[in-house]
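Each chain, letter by letter, is given below.
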Amino acid sequence: MSTALAVAVLGLFVGACGNGDGGANSVQTANGTVYDLTPQQSGRIHADKVESIAAQVPKAIRDRGTLIVTGSAQSAPPLRFQANDDRTLIGSEVDFAMLFADILGLKVDLRSADWAQNSVKVDSGEVDAFISNVTVTEDRKEKFDFATYRLDNLALEVPKDATWSFADRKSLAGKRIGVGSGTNQEQILVQWNEANIAEGLPKIDIAYFQQVTDYYLGLSSGRLDGFLGPNPAARYHAATAGQTKVIGTLSGAGDALQAEIGVLVKKDNGLIGAVHQAIQYAIDNGSYRKVIDRWGLSAEAVPQSRINPPGLPKKKG
């Protein structure tokens, strides 16, 4: 979704400043947070190369001088989306990729693909890392290594005039709930639905979406009772569009544990240690916190990076 389209679809608050090109240079949320939508990203956070960490990067990548990073092709502000030139990728996940690469002494070669293809590209060696709100799961850990840098929280976003509340999975019985196909939140929603049906409750009518704008329209038109998705994206949309609200948050691993977001790389290829140390260095020197604050992600901040922590349990069967 382009930023110009976002402005048209979402009806952004008057805090957005026009640039004369049909887009906007910035957008202001209800609580006063201002997001830079320009391709220049003059406020992006950078760091100096740390020789001791950079030396641990596999030689082939060091010699190339670039870290090839892939991410979702679908727009999801403030995580990863197009600037107001409708081309340049910006967002927290882009900033994190560039910050960690700075510490590793590398330039970022930023690429995009459909969600399912990103892991395939890492596995084949076409790209080095998948940095795009990727949840640590036990299934993924069989083929990939993770170094975590954020908590993974989900949010239930509903129309602003909705009168129902969310307590647990039973609250969704009989409701039409949207979710992104192939995501961990889909796995949680399916499990909740199965548990509800087993207890004799009405089923959850699960609606699948690939495009962010489609679920935005589903909520605004009343065709959806709610949408279960990443907390940062839900908070951003609710705060900038003024058409929805968040009525509940939960871990991206459901009731099992607090899920985490991590940089995904091919298992045992020698890269994860350097990435992990780069993330921890950024946390310790304060540059990590600046990225967190720049994109309004304080609820997802972590005190330390972990390699391959417990993840979302494997799918049953």
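Below is a short write-up of the structure. (Residues numbered from 1 in each chain as written. Predicted model: local features only at pLDDT ≥ 70, side-chain atom pairs only at ≥ 80, totals over all residues. Heavy atoms only, no water.)

### Some remarks on the packing of helix H4 (residues 92–104) against helix H11 (residues 287–294)
Part 1 of the reasoning: Put simply, H4 and H11 touch, their axes get as near as 10 Å, and they point 165° apart. With respect to H11, the axis of H4 lies roughly antiparallel. As H4 runs across H11, the sense of the crossing is right-handed. Across the interface between the two elements, Ser92, Asp95, Phe96 and Leu99 of H4 pack against Ser287, Tyr288, Val291, Ile292 and Arg294 of H11.
Part 2 of the reasoning: Along the lines of polarity and charge, the residues of the contact of H4 with H11 split into 5 nonpolar, 2 polar and 2 charged. (Axes fitted to C-alpha atoms, helices over the stretch in contact; angles between N-to-C directions. Helix = DSSP H or I, 4+ residues; strand = E, 2+ residues; numbered from the N terminus. Parallel < 35°, antiparallel > 145°, perpendicular 65-115°, else oblique. Left-handed = near helix turned anticlockwise from the far one by under 90°. Contact = heavy atoms within 4.5 Å. Nonpolar A, V, L, I, M, F, W, Y, C, P; charged D, E, K, R; others polar.)

### Quick look at the packing of H4 against helix H10 (residues 272–285)
Part 1 of the reasoning: It is at 9 Å that the axes of H4 and H10 come closest, and there the two elements cross at 105°. Considering the angle they form, H4 stands roughly perpendicular to H10. Of H10, the residues touching H4 (which contributes Leu99, Phe100, Ile103 and Leu104) are Ala274, Val275, Ala278, Ile279, Tyr281 and Ala282.
Part 2 of the reasoning: Among the residues making up the contact of H4 with H10, the classes are represented as 10 nonpolar, no polar and no charged.

### Some words on H4
Part 1 of the reasoning: With 13 residues, H4 extends 18 Å between its outermost C-alpha atoms, agreeing within 8% with the 18 Å of an ideal straight helix rising 1.5 Å per residue.
Part 2 of the reasoning: Among the 13 residues that make up H4, 12 are buried, leaving the element largely enclosed by the rest of the structure.
Part 3 of the reasoning: Residues of H4 that are buried: Ser92, Glu93, Val94, Asp95, Phe96, Ala97, Leu99, Phe100, Ala101, Asp102, Ile103 and Leu104.
Part 4 of the reasoning: At the C-terminal side of H4, Gly105 shows a positive phi close to 75°. (Expected span 1.5 Å × (residues − 1). Buried < 20%, exposed > 50% of the residue type's maximum accessible area, 1.4 Å probe, protein only.)

### Structural notes on the nonpolar core
Part 1 of the reasoning: Among the nonpolar cores identified, the biggest contains 46 residues, and Phe96, Phe100, Leu104, Tyr149, Val263, Ile279 and Tyr288 are the most heavily contacted of them.
Part 2 of the reasoning: Counting residues per element, the ones that place at least two in this core are strand E2 (24–28), strand E4 (66–72), H4, strand E9 (144–151), strand E15 (260–266), H10 and H11.
Part 3 of the reasoning: If we skip the residues at most four places from it in the chain, Phe100 touches Tyr149, Val263, Ala278, Ile279 and Ala282.
Part 4 of the reasoning: Core analysis: the next-biggest nonpolar cluster, separate from the first, contains 19 residues, Leu154, Leu156, Val158 and Leu228 among them. (Core = buried A, V, L, I, M, F, W, Y, C linked by side-chain atoms within 4.5 Å.)

### Some points on helix H7 (residues 184–198)
Part 1 of the reasoning: Under the 1.5 Å per step criterion, the end-to-end length of H7 is 21 Å for 15 residues, consistent within 8% with the ideal 21 Å.
Part 2 of the reasoning: Of the residues making up H7, those classed as buried are Asn184, Gln185, Glu186, Gln187, Ile188, Leu189, Trp192, Asn193 and Asn196.
Part 3 of the reasoning: Once H7 ends, the next one or two residues include Gly200, with phi positive near 80°.

### Some remarks on the sheet that holds strand E13 (residues 226–230)
Part 1 of the reasoning: On the basis of which strands lie adjacent, the open sheet formed by 5 strands has the order E12-E11-E13-E10-E14 and mixed pairing. Both outer strands of the open sheet, strand E12 (205–209) and strand E14 (244–251), are each paired with one neighbouring strand and no more. Adjacent strand axes in the sheet meet at a mean angle of 30° when their direction is disregarded.
Part 2 of the reasoning: Here strand E11 (residues 176–180) runs beside E13; their pairing, made up of 3 bridges, is parallel. Across the sheet, Ile177 pairs through a bridge with Gly226, a residue of E13.
Part 3 of the reasoning: Packing of helix H8 (residues 212–221) onto the sheet brings it into contact with strand E10 (153–159), E12, E13 and E14, and relative to E10 it is tilted by some 45°. (Pairing = 2+ DSSP bridges.)

### Notes on the pattern of salt bridges
Part 1 of the reasoning: Summed over the entire model, instances satisfying the criterion amount to 19 salt bridges.
Part 2 of the reasoning: Its salt-bridge partner being Asp205, residue Arg176 comes within 3.0 Å of it at the nearest N-O pair. Here Arg176 is found in strand E11, whereas its partner Asp205 is found in strand E12, with 29 residues between them in sequence. (Salt bridge = Lys/Arg side-chain N within 4 Å of Asp/Glu carboxyl O.)

### Focus on the side chain of Ser119
Part 1 of the reasoning: Mapped onto the secondary structure, Ser119 falls in helix H5 (residues 115–124).
Part 2 of the reasoning: If we skip the residues at most four places from it in the chain, Ser119 touches Phe130, Phe144 and Leu264.

### A look at the pairing of E10
Part 1 of the reasoning: With 7 of 7 residues buried, E10 is to be regarded as a mostly interior element.
Part 2 of the reasoning: In the sheet, E10 pairs with E14 via 7 bridges, with the strands oriented antiparallel. Counted as the bridge partner of Leu156 is Gly248 from E14.

Any link to function would need more than the numbers given here.
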